Amino acid sequence: DCSVPVQSISIDRSNAIPVPRFDWDTKLLFVLFSGGRSMNVYELTETLSFITTVSSSCDVLSFSFFHKTTVDIKKAEIVCGLKLSKDGVQPFSFSVPRKRLEFFQDDLYPSTFSAGSHLSAHKFFTENYPNGVAPQMTSLKQDNMTPVSEAPAEELTDNQKKYIENKAKQAQPKAVGILGHSSAEEVRDHFRVVANYMPKSNRWDAKPVTSTKEDVADDEWD
């Protein structure tokens, strides 16, 4: 039922015209605000979730993606294309930060729509395909690349090893002191409570002397 919105979100308060482009493979929605320099990126799952805002160095009027087969998989590019500005047409791309680029990032690149035509115009107008035809899919994986999901475990760096060791030490049970406390803060709290019940004086403290009239001679009061 298209008469009822699935979800409503506020994307911008300016009067710029939004120009959306959707990437089917990554399920990312790119929304450019025509004439501005910002582009919002959303992820479409069961709902639409905001991810980030990307800024351009110039005012952009519109943009378009190339076919997915043109991305550089060895740089973890997810989309690339052209953007139109007052200075002309310029290329752009978006990449995902990855470390092991020698492997095929199969989580980023599922099978995508092939670039060739799926049905000729003649076959289309014969009306022999009332339900359409299944799309032809292709893989972006090169023959000499191993999927990262099948790659051997990555060797840890020295900093990563130290981090894991510190986390393991923090997870170990803490030593309990003679009073049953496991931290300095618990010890301080214990003695704060004890101090409230301690006497305020001891037998070596000087006792105050109160003078009365009987302690001195009568003529000393004059």
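Residues numbered from 1 in each chain as written. Predicted model: local features only at pLDDT ≥ 70, side-chain atom pairs only at ≥ 80, totals over all residues. Heavy atoms only, no water.

1. A word on the pattern of salt bridges
Okay, step 1: The final tally for this structure, using the stated rule, is eight salt bridges.
Okay, step 2: Lys 68 is paired through a salt bridge with Asp 25; the nearest N and O atoms lie 3.4 Å apart. Of the two residues, Lys 68 is situated in the loop between strand 4 (48-65) and strand 5 (77-85) and Asp 25 in the loop between strand 1 (18-23) and strand 2 (28-33); the sequence distance between them amounts to 43 residues.
Okay, step 3: For Lys 68, a relative accessible area of 7% corresponds to the buried category.
Okay, step 4: Exposure remark for Asp 25: the relative accessible area of 16% places this residue in the buried category.
Okay, step 5: Connected through salt bridges with shared partners, the residues Glu 185, Arg 188, Asp 189 and Arg 192 form a single ionic network. (Salt bridge = Lys/Arg side-chain N within 4 Å of Asp/Glu carboxyl O. Helix = DSSP H or I, 4+ residues; strand = E, 2+ residues; numbered from the N terminus. Buried < 20%, exposed > 50% of the residue type's maximum accessible area, 1.4 Å probe, protein only.)

2. Re the packing of aromatic side chains
Each aromatic ring pair is characterised by the separation of its centres together with the angle its planes make.
Okay, step 1: Summed over the entire model, instances satisfying the criterion amount to nine aromatic pairs.
Okay, step 2: On the numbers, 6.0 Å between centres and 70 degrees between planes, the contact of Phe 63 with Phe 92 is edge-to-face. Highlighted residues: Phe 63 in strand 4 and Phe 92 in strand 6 (residues 88-95), separated in sequence by 29 residues. In this pair, the class of Phe 63 matches that of Phe 92, namely buried.
Okay, step 3: Ring centres of Phe 65 and Phe 92 lie 6.2 Å apart, and the angle between their planes is 45 degrees; on these two criteria the pair is classed as tilted. With Phe 65 in strand 4 and Phe 92 in strand 6, this pair connects stretches of sequence that are 27 residues apart.
Okay, step 4: Take Phe 92: its relative accessible area is 14%, and that puts it in the buried class.
Okay, step 5: Counting every residue linked through ring pairs, the aromatic cluster contains Phe 30, Phe 63, Phe 65, Phe 92 and Phe 94.
Okay, step 6: Taking the ring centre of Phe 63 as reference, the NZ or CZ of Arg 21 above it sits at 5.3 Å. (Phe/Tyr/Trp six-rings, centres within 6.5 Å; stacked < 30°, edge-to-face > 60°. Lys NZ or Arg CZ within 6 Å of the ring centre and 35° of its normal.)

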